[in-house]
Amino acid sequence: MNMPLFILMVNMFLALLGVGLAIPILPKFILELGASGKDQGYLVAATGLTQFLFSPLGGKLSDKYGRKIITIAGLGIIMLSQLMFSVASDLWLLYLSRLIGGIGIGILVPANMAYVADVTTIENRGKGMGLLGAAISLGFVIGPGIGGFLAEYGLRVPFYASAIAAGIAMIVSFLFLPESLSKEQQLAFRNTKSEKDGMIHEIKRSFKVPYFVLLLLVFTMTFGLANFEAIYGLYVSEKYQYTPKDISIILTVGALVGVIIQAVLVDWLLRRFDEIKVINACFLLSAVSMILVLFSGNFIYMLLMNILFFLFTSILRPAINTMLSKMAENEQGFAAGMNNAYSSLGNIIGPSLAGIFYDVSYNIPFVFGAFILIGSIFMCAAWNLRARRKNEFFPSFNGPK
């Protein structure tokens with residue numbers, strides 16, 4: 001592994017770590033402030049809101065001014081967000097902190113994804129995206145585990161630690177991360193005229209690109225993962241009296257297994273099997289494992305179901321990202337920005353609905369999340385069938401399908 005890719009992986013890990021870090025700690029904050037399950041979901045979703053709004057801007061700015069400077073700016077904003085959360089004593093400050101954190105993630109993630117596309121070929125892009133996806137998944141799902149362990153030393157300790165780590169990553173990126181876009185390429189992007197600008201125009205444009213269905217799959221995948229993670233800790237703590245440490249162990253082990261499999265096997269899977277088949281199989285198996293969570297409160301059983309769920313969702317992310325990057329061709333910044341925007345929509349809607357449904361019944365968030373994941377299979381299959389009938393080319397390791 002080369003140094004730039006390693007730095008990018010660390011950056012992505014730290015960015016998504018901040019999203020999940022608060023999850024096992026939020027119930028105590030919420031109880032102290034007299035808030036409800038809805039606030040738990042909304043606080044998780046708040047980051048997704050600004051991530052959605054700023055993701056297209058992050059992709060566009062990284063095209064125009066280079067990946068490195070946008071990476072450094074994103075890490076700095078994330079550091080500020082974590083510092084704010086660590087000193088906040090009012091609910092509105094927690095919301096503000098999460099909103100600011102979403103801005104940082106919104107500009108950092110597309111810049112880093114476009115960086116990988118810049119420095120990889122079609123043949124080895126699956127490996128690069130797999131490693132980057134492993135870092136994203138690890139940060140997103142191990143965040144609650146790290147948060148729970150560090151909270152043993154104080155509720156605010158995890159956020160101080162995260163802020164320091166983001167600051168170190170910012171310095172390392174400044175000193176050691178080379179720029180992947182030449183000055184000529186940046187100038188060409190800056191000189192490109194656009195009739196309209198802003199989020200609405202970018203979203204409308206995404207409806208017309210050939211990889212639009214892949215963006216929808218990014219949304220549904222993230223919806224299912226965020227829906228599960230946002231409410232799981234509350235579910236097992238209220239229904240089965242799990243402690244924050246129990247929740248941390250389950251989520252951390254599940255995350256580590258998923259990341260190891262992602263880093264080791266994703267490239268082989270995408271070379272060996274049709275990417276569409278890999279995507280559909282993982283959507284199905286992740287939905288099944290989400291439903292199976294409801295069948296028992298036994299610790300070992302819960303640990304196994306979490307491992308399976310995170311394993312399949314960990315394979316999904318790089319599989320979709322790789323195919324998306326191939327189809328994007330020369331608009332990697334835009335595609336990465338839209339990827340992050342649709343992902344952030346999942347991070348907004350998934351936790352919000354999970355919190356609302358949870359106040360109605362413990363089980364509804366898991367059933368509805370599984371329903372969304374299953375629906376993704378039919379959407380993907382219909383898109384694949386339509387493309388085959390039109391003899392369209394789906395970029396893949398195995399050539400035209």
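Procedures and definitions
Residues numbered from 1 in each chain as written. Predicted model: local features only at pLDDT ≥ 70, side-chain atom pairs only at ≥ 80, totals over all residues. Heavy atoms only, no water. UniProt positions renumbered as here; feature names shortened; annotations may be inferred. Phe/Tyr/Trp six-rings, centres within 6.5 Å; stacked < 30°, edge-to-face > 60°. Lys NZ or Arg CZ within 6 Å of the ring centre and 35° of its normal. 1 Å grid on protein atoms, 1.4 Å probe; cavity = no way out; pocket = protein on both sides within 12 Å on 5 of 7 lines; lining within 4 Å. Points joined across faces, edges and corners; volume = space filled by probe spheres on them. Helix = DSSP H or I, 4+ residues; strand = E, 2+ residues; numbered from the N terminus. Salt bridge = Lys/Arg side-chain N within 4 Å of Asp/Glu carboxyl O. Buried < 20%, exposed > 50% of the residue type's maximum accessible area, 1.4 Å probe, protein only.

- Per an unreviewed UniProt entry, the protein carries the name MFS transporter and comes from Neobacillus cucumis.
- Turning to the protein, the UniProt annotation filed under Sequence similarities (unreviewed entry) states: "Belongs to the major facilitator superfamily. TCR/Tet family."
- UniProt, in its Subcellular location (unreviewed entry) section for the protein, records the words "Cell membrane".

1. A word on the packing of aromatic side chains
And step 1. With the rule as written, the count across this model stands at 19 aromatic pairs.
And step 2. Between F207 and F212, the aromatic rings sit 5.3 Å apart at their centres with planes inclined by 75°, giving edge-to-face as the arrangement.
And step 3. Three or more aromatic residues link up through ring pairs in this structure, and these residues are F228, Y232, Y235, Y240, Y242, F299, F309, F310, Y358, Y362 and F366.
And step 4. Directly above the ring of F174 sits K68, whose terminal nitrogen or CZ lies 5.7 Å from the centroid.

2. Thoughts on empty space enclosed by the protein
And step 1. Going through the model one piece at a time under the given rule, you end up with four cavities of 30 Å³ or more.
And step 2. Computed from the structure, the largest cavity encloses a volume of approximately 110 Å³.
And step 3. Every residue lining the largest cavity is counted, 13 residues in all, and those nearest its centre are V109, I136, R317, N340 and S343.
And step 4. If you list the elements that add at least two residues to the lining of the largest cavity, you get α5 (91-119), α6 (125-150), α13 (299-328) and α14 (332-358).

3. Some words on the pattern of salt bridges
For side chains of opposite charge, pairing can occur when their charged atoms come near one another.
And step 1. Under the criterion given, the structure shown has three salt bridges.
And step 2. Taking the shortest distance from any N to any O, the salt bridge between K326 and E275 comes out at 3.0 Å. Of this pair, K326 sits in helix α13 while E275 sits in helix α12 (residues 275-292), placing them 51 residues apart in sequence. The residues K326 and E275 share a single accessibility class, namely buried.

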